[in-house]
Amino acid sequence: MAEPILECRGVSKHFGAVQALYKVDFEVRPGEIMALVGDNGAGKSTLIKGIAGIYPFDEGQVLFEGKPVKIHGPKDASDLGIEIVYQDLALADNLDVVANMFLGREITTNGVLDETAMEQRSRDTLESLKVMTLRSVRQTVAGLSGGQRQAVAVAKAVMWGDSRMVILDEPTAALGVAQTRQVLDMVERLAEQGYAVVLISHNLHDIFEVADRITVLRLGQQVGVLDRRETTQQEVVHAITAGEMKFVPGMDEAVAAS
């Protein structure tokens, strides 16, 4: 079994008096789809933003490829090869697919945009993910369906050679059945290509379609890591709603540790 590419050990984060994460362990391996689930307020977004360097952790350790790392900002995460596709996708509706995929990383030759090279690389990346529903990479994003927009955002994240790990935040939210299937197929292809994939979703049906393992958070704590092949949706729901917590807010930490 492959060693984790990313490992969080005992990471915590608080905002004033609010303990958003408490000593959370989390890992994901190359070629694995790790689902991250929990009710609203469970700490999923805080954990991911800590990994992304948006909210650096207050305590704990983060290892990447077995080596301790400090992620102080999004550039540190990107330099490690961690890419995040947020729920809002961060696409510019008025630009075409190519311009979105190269936004801020345009290819130039003698100071002039190399449109041909960017268009070809965009096509190659989309084809590698088997995205066949786009009429043209010169379509504006405003005219794309939800599934097509998700595909463009994922392709943009993995187009760069240093990408090693992709975090997807609710990628199938508000999508129809056919578009959801296309996105889940793309998630599986990312894992097949060796990416470590973290899938955040409230949709347990989607998770049981593609995930290898499931990490459950409850009230800022990790309450279980389940093998998808050896568990049921009912067990996951039970962990989300009633998973055993090591520490109850308001409890003295010395008591919790005893």
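The text that follows walks through the structure, step by step, so that each part is easy to find. (Residues numbered from 1 in each chain as written. Predicted model: local features only at pLDDT ≥ 70, side-chain atom pairs only at ≥ 80, totals over all residues. Heavy atoms only, no water.)

**Notes on the side chain of Ser 163**
Next, step 1: Following the sequence through the fold, Ser 163 ends up in the loop between helix H5 (146-158) and strand E9 (165-169).
Next, step 2: Overall, Ser 163 belongs to the buried group, its relative accessible area being 6%.
Next, step 3: A distance of 2.9 Å separates a polar side-chain atom of Ser 163 from the backbone oxygen of Ala 157.
Next, step 4: Among residues more than four places away in sequence, those in contact with Ser 163 are Gly 81, Glu 83, Ala 157, Val 158 and Tyr 195. (Helix = DSSP H or I, 4+ residues; strand = E, 2+ residues; numbered from the N terminus. Buried < 20%, exposed > 50% of the residue type's maximum accessible area, 1.4 Å probe, protein only. Polar contact = N/O pair within 3.5 Å; in protein donor to acceptor, adjacent residues only side chain to side chain. Contact = heavy atoms within 4.5 Å.)

**Observations regarding the pairing of strand E12 (residues 221-227)**
Next, step 1: Across six bridges, the pairing between strand E11 (residues 213-218) and E12 is antiparallel. Following the sheet pairing, Arg 213 is matched in E12 by Asp 227.
Next, step 2: Hairpin connection between E11 and E12: a loop of two residues separates the two successive antiparallel strands, and Leu 219 in this loop has a positive phi of roughly 50 degrees. (Pairing = 2+ DSSP bridges.)

**Some thoughts on the packing of aromatic side chains**
Next, step 1: Evaluated as defined, the whole model comprises one aromatic pair.
Next, step 2: Plain terms: the ring middles of Phe 15 and Tyr 55 are 5.1 Å apart, the flat faces sit at 75 degrees to each other, and that makes the pair edge-to-face. Placement of the pair is Phe 15 in strand E1 (residues 6-15) and Tyr 55 in the loop between helix H1 (44-51) and strand E4 (59-64), with a sequence separation of 40 residues. (Phe/Tyr/Trp six-rings, centres within 6.5 Å; stacked < 30°, edge-to-face > 60°.)

**Considerations on unusual backbone geometry**
Next, step 1: A positive phi angle is found at Ala 90, which is not glycine, with a value near 55 degrees.
Next, step 2: Its place among the elements puts Ala 90 in the loop between strand E6 (82-85) and helix H3 (97-101).

**As for the sheet that holds E11**
Whether parallel or antiparallel, the strands of a sheet pair through hydrogen bonds between backbone atoms.
Next, step 1: Taking strand neighbours across the sheet as the criterion, the six strands line up as E6-E9-E10-E3-E11-E12 in an open arrangement whose pairing is mixed. Of all the strands in the sheet, the pair left with one neighbour each is E6 and E12. Each strand axis lies, on average, 20 degrees off the axis of its neighbour in the sheet, ignoring direction.
Next, step 2: Two strands pair when backbone bridges link them, and strand E3 (residues 33-37) and E11 are joined in this way by four bridges, in the parallel orientation. Bridged to Val 37 within E11 is Val 216.
Next, step 3: Across the sheet, H1 lies against E3, E6, E9, strand E10 (196-200) and E11, angled at about 130 degrees from E3, the strand it touches most. (Axes fitted to C-alpha atoms, helices over the stretch in contact; angles between N-to-C directions.)

**What about the environment of Ile 240?**
Next, step 1: Inspection of the secondary structure puts Ile 240 in helix H8 (residues 233-242).
Next, step 2: By relative accessible area, which is 15% here, Ile 240 ends up buried.
Next, step 3: Beyond its immediate sequence surroundings of up to four residues, Ile 240 is in contact with Val 37, Gly 38, Asp 39, Val 216 and Arg 218.

By themselves, these are just geometric observations and shouldn't be taken as functional.
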